[in-house]
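Reading the structure
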Amino acid sequence: KFSRSTLNGAAVTFWHLSPNPDCVLSHVLSCPVSRPSPSRRTGHYNVQRARPGEKPPYQRCNSQDSLDELALDDYWKEVEIIQHTGDAEQQEEVQLKVADEGEQEEAWLTEAGLATLFDESAADGEDSMVLLSTLTRTQAAAVERRVETLKQTLRKRNKPYSVPDVRDIFKPSPALDTKVSKVRTRGEHSGVGNGAEPGGGGAETETDINLEVSFSEQALSYRDGSKVTQPINEADDKLPDFKVVRDKTGMTKVGDLSAADMKKVRRLVLIEMTALFDTAGLDLKTHKPLKIRVKESGLFGVPLSTVLEQDQRRVPGTRVPLIMQRLISHIEEEGLHTEGLLRVPGASTRVKVREPLHVQTSTPLKLRTVCHELELKFYDGLFLWETLKQHDAASLLKLFIRELPHPLLTVEYFSAFISVLKFPTKKQQLQALNLLVLLLPESSRDTLKALLEFLQRVIDHKEQNKMTLNNVAVVMAPNIFMFKGFRSKITEQQEFAMATGMANIVRLFIRYQNLLWTIPKFVMNQVRKQNTENQRKMNRDRAVKKLLKKMAYDREKNIEKVEKSSEAEGGIIRVQAPQFTKVSMAVQLTEELQASDILTRFLSQDSSVSVKREDLCLFEIGGNIKERCLDEETYMKALLELNPAAEWVIKSVQR
């Protein structure tokens, strides 16, 4: 460990010989930390002198290509501000629990919906088999590895176990061989494994993003030594412009799917993320937070779920905390052109103390601190927002984020987020971040997205406020990553090594947020396959008695189906809008017809609709999907070919 001090006006770093602490986060560090050599005579570390004005040295990661050490001045200033602000209230530190041997695998298989592989009494046995039938090679290998590890662990403990043999889970079959062959062929045509560019010959460029082939399958090309053209590293905000080839069947964003399909997405994404880390040779450990006492009400230092429950009782459907929305709104009302916005701290006495009413002080400002006033008056609408300075509002926004009892990025995946920078290329780092964002709880994901959208709007005014992407990332990194007790769990050496990495992750979050909130098409295809197989099983297993009861009804409906089938064959679909009209709209399909064209036509035909265009969405319902809000650039004919049994419904949505 080391500490910083001054000696005769010069900055001095003192090194103390001590055993390496047992740190649960130490395995995520991507940079080695150099240590000074011990003195031969005393065995103690030498004192390193720095010239006046110089910062103590710290190791720079090779993967951080745009943030240099000088750019981190604002990072350490922000850390000092956080320390000076202190804890508004005494909260318990987040305690991380590392799972025992075997527990990690059991928890992983359960979360992936595969508990039946070690517990025959677990529910969803048939769903597990359907899920397994849709996995790619690398995804199947990730499952095999966890099952085999669990099996060996139980054997070591001499416990009876019912874990099936891995070879029985993934028995070679013509169907599986065909599926693997298709994945391999698809990968070869998409530049996976042979270095070919999707659009033609030549080397694959690092700025091409392929969402149709599993990321872990693509990672095989890096592991197997394919040459990849690296983009030229440029200073400041010049990150690569990654290109995603638009899919004719439409992009799918978080929030576009039903809860049932999102559950399938999450399980598939967990398996895919694990496979991606496995393929890259990276260790992926998750941690569980031990239970701690937390505030049960209020605004600051309250669990995110609790804040949202409070908000939803007042404003149903709230997805982002109202206090956070109001702080952002207030900052924007004052103008985003203010120089040093987010970097310049508010008055420390305003943000530092929240005292109960019975505590009397001679300073009116301390008596009516902003935080305490907000706690008392926010929900009643009595807080005087015109008295709140812009920099104070920015400081409160940062305080709200970092005072959450559990980090916004969650305890479970916190180390995985930090490990993202261990991937060799920016493209793989983005792919890993994409999967991790999809794994976040809905409340964390929505709140993070609202924060990142605001930060991008701040950056859009960088010419006036001098807050570039790098500046904003450096200032916000400690507030996003330093959860309660974080600094007590790492050494100062590790903190130095992690600083640049955390700032770079925030840069990626802000710069590529639209891509990170996209559900990859290969995952959507797997969801569609599961739904198709489940529907087939339901139809096959339906009781004869129920079929007999429905025969008369089915005969009546059969006429409608024939009409619908003939319309589809003629290139016509029926679009319904039960919220607005009882009459369906017949639409003639063409190669160029998009979802946006249907919405435009609907609004032009029904002038009584009072809903704004941006609040309307055309939904794909049924067939091989439960429900999906369509991207307006979706080509309808291509989607109908993918899901011929779907129905099309226009509904209003809450954005």
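Each chain has its residues counted from 1, running along the sequence as written. Only residues with pLDDT of at least 70 get local features here, since the model is predicted, and only at 80 or more are side-chain atom pairs given and counted; chain-wide, interface and lining totals rely on the full set of residues. Each side-chain value is worked out from all heavy atoms of the structure, with water and hydrogens disregarded.

1. A look at the overall build of the chain
- The secondary structure content of the chain amounts to 25 helices and 16 strands.
- Only protein chains enter the calculation, and the probe is 1.4 Å; a residue is then buried if its accessible area is under 20% of its type maximum, exposed if over 50%, and partly exposed in between. The buried share among the 655 residues of the chain stands at 49%.
- A contact between two residues is defined here by any heavy atoms of the two lying within 4.5 Å. The contacts in the chain between residues at least 6 apart in sequence include a share of 74% that link residues at least 24 apart.
- For every accessible area listed, the method is Shrake-Rupley and the probe measures 1.4 Å; residues are considered covered only by the protein chains on display. Only carbon and sulfur atoms are counted for the fraction: they give 50% of the accessible area of the chain, which is about 32100 Å². Where helices and strands are cited, they refer to DSSP runs of H or I of at least four residues and of E of at least two residues respectively, numbered from the N terminus.

2. Regarding the state of the cysteines
- Cysteine sulfur atoms that come within 2.5 Å of each other are treated as a disulfide pair. Enumeration according to the criterion identifies one disulfide in this entry.
- Between C617 and C629 runs a disulfide, and the two sulfur atoms are separated by 1.8 Å. In this structure, the disulfide formed by C617 and C629 twists by about 120 degrees around the S-S bond and is classed as right-handed. Linking C617 in strand 14 (residues 616-622) with C629 in strand 15 (residues 625-629), this pair joins segments that are twelve residues apart in sequence. The pair formed by C617 and C629 is uniform in burial state, with each residue classed as buried.

3. Examining the UniProt feature "coiled-coil region" (unreviewed entry) in the chain
- With numbering matched to this structure, UniProt assigns "coiled-coil region" (unreviewed entry) to residues 445-472.
- The span residues 445-472 carries 82% helix and 0% strand; its end-to-end C-alpha distance comes to 20 Å. UniProt positions are given in the numbering used here, feature names are shortened, and annotations may be inferred rather than shown by experiment.

4. Observations regarding the sheet that holds strand 12 (residues 572-576)
- Any two strands with at least two DSSP-identified bridges between them are counted as paired. Here five strands make up an open sheet; going across it, the order is 13-12-16-14-15 and the pairing mixed. In this open sheet, the two strands that pair with only one neighbour each are strand 13 (585-588) and strand 15. Along the sheet, successive strands turn relative to each other by an average axial angle of 30 degrees, direction set aside.
- Pairing of strand 14 with strand 15 involves four bridges; the strand directions are antiparallel. Bridge assignment links G622 to a residue of strand 15, and that residue is I625.
- Working convention: axes come from line fits to C-alpha atoms, limited for helices to the stretch in contact. Angles between N-to-C directions cover 0 to 180 degrees. In this fold helix 24 (residues 595-605) packs onto strand 12, strand 13, strand 14 and strand 16 (647-652), with an angle of close to 140 degrees to the strand it touches most, strand 13.

5. Focus: helix 14 (residues 390-402)
- With 13 residues, helix 14 extends 19 Å between its outermost C-alpha atoms, agreeing within 8% with the 18 Å of an ideal straight helix rising 1.5 Å per residue.
- Taken across its 13 residues, helix 14 has twelve buried, putting it largely inside the fold.
- Burial in helix 14 covers these residues: Q390, D392, A393, A394, S395, L396, L397, K398, L399, F400, I401 and R402. In this analysis, the expected span of each helix is defined as 1.5 Å times one less than the number of residues it contains.

6. Comments concerning the pattern of salt bridges
- The working definition used for a salt bridge is a side-chain nitrogen of Lys or Arg within 4 Å of a carboxyl oxygen of Asp or Glu. On inspection of all chains with the given rule, the structure shows 21 salt bridges.
- When the shortest N-O distance is used, the salt bridge between D446 and R319 registers 3.2 Å. With D446 in helix 17 (residues 442-459) and R319 in the loop between helix 9 (304-314) and helix 10 (322-333), this residue pair connects regions lying 127 residues apart in the sequence.
- Classification of R319 by relative accessible area gives partly exposed; the value is 33%.

7. Some details on the packing of aromatic side chains
- Aromatic rings from Phe, Tyr and Trp, with only the six-membered ring used for Trp, were paired whenever their centres fell within 6.5 Å, and each pair was classed as stacked if the ring planes differed by under 30 degrees, edge-to-face if by over 60, and tilted otherwise. Within this structure, the stated rule accounts for eleven aromatic pairs.
- With centroids separated by 6.4 Å and ring planes inclined at 80 degrees, the aromatic side chains of F378 and W385 adopt a geometry described as edge-to-face.
- Residue class for F378 comes out buried when judged on its relative accessible area of 13%.
- A relative accessible area of 10% places W385 in the buried class.
- A centroid spacing of 5.7 Å and a plane angle of 70 degrees characterise the contact between F414 and F481, whose relative ring orientation is edge-to-face. Note that F414 is positioned in helix 15 (residues 414-419) and F481 in helix 19 (residues 469-481), a separation of 67 residues in sequence.
- Overall, the relative accessible area of 2% leaves F414 in the buried class.
- Three or more aromatic residues joined by ring pairs make a cluster, and in this case those are F378, Y379, F383 and W385.
- Its end group placed over the ring of Y379, R314 keeps NZ or CZ at 3.8 Å from the ring centre. Working rule: Lys NZ or Arg CZ, within 6 Å of ring centre, within 35 degrees of ring normal, means a charge sits over the ring.

8. Thoughts on the packing of helix 19 against helix 20 (residues 492-511)
- Running from amino to carboxyl end, helix 19 crosses helix 20 at an angle of 115 degrees, the nearest separation of the two axes being 8 Å. By the criterion of interaxial angle, the relationship of helix 19 to helix 20 is roughly perpendicular. You can see that helix 19 and helix 20 cross each other, and the crossing is right-handed. Where helix 19 approaches helix 20, its residues L469, N470, V472, A473, V474, M476, A477, I480 and F481 are matched on the opposing element by M502, A503, I505, V506, R507, I510 and R511. Oblique is the label for any angle not covered by the other classes, which are roughly parallel (under 35 degrees), roughly antiparallel (over 145) and roughly perpendicular (65 to 115). Crossing handedness is defined as follows: a turn of the near helix away from the far one that is anticlockwise and smaller than a right angle gives a left-handed crossing, while the clockwise case is right-handed.

9. Topic: the side chain of N534
- On the secondary structure map, N534 appears in helix 22 (residues 521-541).
- Those residues in contact with N534 that lie beyond four places of it in its chain are D127, V130 and K264.

10. Here's the deal with the nonpolar core
- In plain words, nonpolar cores are sets of buried Ala, Val, Leu, Ile, Met, Phe, Trp, Tyr and Cys residues tied together by side-chain atoms within 4.5 Å. In terms of nonpolar packing, the biggest core is built from 128 residues, with Y75, V143, L374 and F509 touching the most fellow members.
- It is helix 20 that contributes the most residues to this core, ten residues altogether.
- Excluding residues that lie within four positions of it along the chain, F509 makes contacts with L409, F417, L433, V437, L448, L452 and L516.
- In terms of nonpolar packing, the next biggest core, distinct from the first, is built from 21 residues, I573, F602, M636 and I650 among them.

11. Here we look at the confidence of the model for the chain
- Confidence per residue, as judged by the predictor, is encoded in pLDDT with a range of 0 to 100. A residue-level look at the chain finds 66% of positions with pLDDT of 70 or above and a mean pLDDT of 76.
- Segment residues 227-234 is flagged for pLDDT under 50; beyond a separation of four residues in sequence, or across chains, it makes 14 contacts in the model.
- Overall, residues 349-368 carries pLDDT values under 50, and its contacts beyond four positions in sequence, including any with other chains, amount to 39 contacts.

12. Description of unusual backbone geometry
- With a phi angle near 80 degrees, L342 is a residue other than glycine that sits in the positive phi range.
- With respect to the helices and strands, the residue L342 is situated in the loop between helix 10 and helix 11 (348-352).
- Here K466, not a glycine, exhibits a phi torsion of approximately 65 degrees, which is positive.
- Within the element layout of this structure, K466 appears in the loop between helix 18 (462-465) and helix 19.
- Since its relative accessible area comes to 44%, K466 is described here as partly exposed.

13. Structural notes on the environment of P321
- With respect to the helices and strands, the residue P321 is situated in the loop between helix 9 and helix 10.
- Since its relative accessible area comes to 0%, P321 is described here as buried.
- Along the chain, P321 and D311 lie ten residues apart, while their C-alpha atoms are 6.7 Å from each other.

14. A look at helix 10
- An ideal rise of 1.5 Å per residue puts 16 Å on twelve residues; helix 10 measures up with 16 Å between its terminal C-alpha atoms.
- Of the positions making up helix 10, those classed as buried are L322, I323, M324, L327, I328, H330 and I331.
- Packing partners of the buried residues in helix 10 comprise helix 9, helix 13 (370-377), helix 14 and helix 17.
- G335, located one to two residues past helix 10, shows a positive phi value of around 100 degrees.

15. Comments concerning the environment of V254
- Following the sequence through the fold, V254 ends up in the loop between strand 9 (252-253) and helix 8 (259-279).
- In sequence terms V254 and E442 are 188 residues apart; their C-alpha atoms lie 9.3 Å from each other.
- For V254, the contacting residues outside a window of four places in its chain are L438, R445, W517 and I519.

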